[in-house]
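Residue-level structural notes
One-letter residues, chain by chain:
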Amino acid sequence: MGDEKKVAGVSPCTRCRAPAVALVRRTGEHLCAAHFVASVEREVQETVERSRMIQDGDCIAVGLSGGKDSSVLLYILSRLLRDRPEVRLLAITIDEGIAGYREETMKAARALTADLGVEQIVVSFEDAFGRSLDAFLQNPAAPNPCTLCGVLRRRALQTAARRAGATKLATGHSLDDEAEAALMNVLNGDLKRIARTGIPGNAFVPRIKPLGGVPEKEVTLYAVVQGLFLPLPECPYAGQALRSKARTILSTLEYRHPGTTMQFMEGYTTLRERVAHCLEEEGATGGFTRCEECGEPATGRRCQACSLLASLRDE
Ligand code: SF4
Ligand code: ZN
């Protein structure tokens, strides 16, 4: 491990012999900046093509927070789609209303869309739900900040994407994000989530994750090499969620045993298929109904967003 790190800084690029900036573990190659950029973009293109994520006539809405992952996603998609005028690309930025944090990332999101000439739609929690995240969290009944933030952001993104006529909603989840979510599903023993069963196809704008095959480290390095990495503040609520513990576990394992994250995700994909099959055989997949308040898909009378909002409503 120590040796590999030392060698990565000084080794020549496997493809052109220029000084390498990265050792790409999934291919075992040392790559210079230009070849590293090409390798990440190729991985994204292959993921998009393998899963047929983007078709002619699509309108792709990118959920753009202004942080590095979603910025890299928008940047790469704008490059991959530059010769495909039949595919429309736009960005949706949700301003959750987190003082001392969102102002800077909102600025970064605005600057990037202006630079790339991509249309940007901005929706705030206040517009969508009547209050900022900070204001919601004043309520002693509020759940973990990231739970509330995540549920409401997903809802706001979906609604904005549908209103904009988007046919796909692209999010900047990397391989590590996918692995963290998978580990949390396993830790929570949530079989239905592991199986990702039956959300009605026409109820949501389908989500795509073009960075799902790229390790977080490579997303970060890509951002640095392309000048997209900005010294942005950290969310004051970060670290309070189970997810941050899952991240620590996985990154520790990955550091000590390189390749663990990818292996885990390969095993998880098989597990998911088997669990889905078993649940289907038992008739235990659980159907979706419509939320009686907002009409979105729900597993009970109310969807997750309406349940949370109801629990926080002043009586
Ligand atoms: Fe929201 Fe949590 Fe992310 Fe902060 S760290 S933006 S509260 S999900
Ligand atoms: Zn609802």
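Note: the structure precedes this text.
All values reported here derive from a predicted model rather than from experimental measurement. (Residues numbered from 1 in each chain as written. Chains lettered and ligands numbered in written order. Predicted model: local features only at pLDDT ≥ 70, side-chain atom pairs only at ≥ 80, totals over all residues. Heavy atoms only, no water.)

What follows is about the coordination of the zinc ion (ligand 2). Coordination of the zinc ion (ligand 2) by the protein involves Cys291 (SG), Cys294 (SG), Cys303 (SG) and Cys306 (SG), with metal-donor separations of 2.2 to 2.3 Å. Counting residues between consecutive donors of the zinc ion (ligand 2) along the chain gives the motif C-x2-C-x8-C-x2-C. Here the residue Cys291 occupies a position in the loop between strand 8 (289-290) and strand 9 (297-298), and Cys306 occupies one in helix 13 (residues 304-312), the gap between them amounting to 15 residues. The class for Cys291 is buried, based on a relative accessible area of 3%. For Cys306, a relative accessible area of 8% puts it in the buried group. (Donors = N, O, S within 2.8 Å, 3.2 Å for Na, K, Ca; no water. Helix = DSSP H or I, 4+ residues; strand = E, 2+ residues; numbered from the N terminus. Buried < 20%, exposed > 50% of the residue type's maximum accessible area, 1.4 Å probe, protein only.)

What follows deals with the pattern of salt bridges. With the rule as written, the count across this model stands at 18 salt bridges. Note that Arg84 is salt-bridged to Asp56, the shortest N-O span being 2.9 Å. Of the two residues, Arg84 is situated in the loop between helix 3 (68-80) and strand 4 (88-95) and Asp56 in the loop between helix 2 (33-50) and strand 3 (59-63); the sequence distance between them amounts to 28 residues. On the basis of relative accessibility, which here comes to 25%, the residue Arg84 falls in the partly exposed class. Across the salt bridge formed by Glu293 and Arg302, the nearest N and O atoms sit 2.7 Å from each other. (Salt bridge = Lys/Arg side-chain N within 4 Å of Asp/Glu carboxyl O.)

Packing of helix 7 (residues 145-163) against helix 13 brings their axes to within 9 Å, and their N-to-C directions diverge by 125°. Comparing their axes, helix 13 and helix 7 come out oblique. Of the two possible hands of crossing, helix 7 and helix 13 adopt the one that is left-handed. Contact residues: helix 7 offers Thr147, Leu148, Val151, Leu152 and Arg155, while helix 13 offers Gln304, Ala305, Leu308, Leu309 and Leu312. Residues of the contact of helix 7 with helix 13, tallied by class, amount to seven nonpolar, two polar and one charged. (Axes fitted to C-alpha atoms, helices over the stretch in contact; angles between N-to-C directions. Parallel < 35°, antiparallel > 145°, perpendicular 65-115°, else oblique. Left-handed = near helix turned anticlockwise from the far one by under 90°. Contact = heavy atoms within 4.5 Å. Nonpolar A, V, L, I, M, F, W, Y, C, P; charged D, E, K, R; others polar.)

Our next topic: the packing of helix 3 against helix 4 (residues 102-116). Viewed as axis vectors pointing N to C, helix 3 and helix 4 meet at an angle of 5°, and their least axial separation amounts to 11 Å. In terms of axis orientation, helix 3 runs roughly parallel to helix 4. Side by side, helix 3 and helix 4 meet where Ser71, Leu74, Tyr75 and Ser78 of the first sit next to Leu112, Thr113 and Leu116 of the second.

A separate point is the sheet that holds strand 4. Across the sheet, five strands lie side by side as 5-4-3-6-7; this open sheet has parallel pairing. Each edge of the sheet is formed by a strand with only one pairing partner; in this case those strands are strand 5 (119-124) and strand 7 (207-208). Here six bridges tie strand 4 to strand 5, and the two strands are oriented parallel to one another. Within strand 5, the residue paired with Ala91 across the bridge is Gln120. Here helix 4 sits on the sheet in contact with strand 4 and strand 5, set at roughly 165° to strand 4. With respect to the sheet, helix 7 is in contact with strand 3, strand 4, strand 5, strand 6 (168-170) and strand 7, its orientation differing from that of strand 4 by roughly 145°. (Pairing = 2+ DSSP bridges.)

By themselves these figures say nothing about function.
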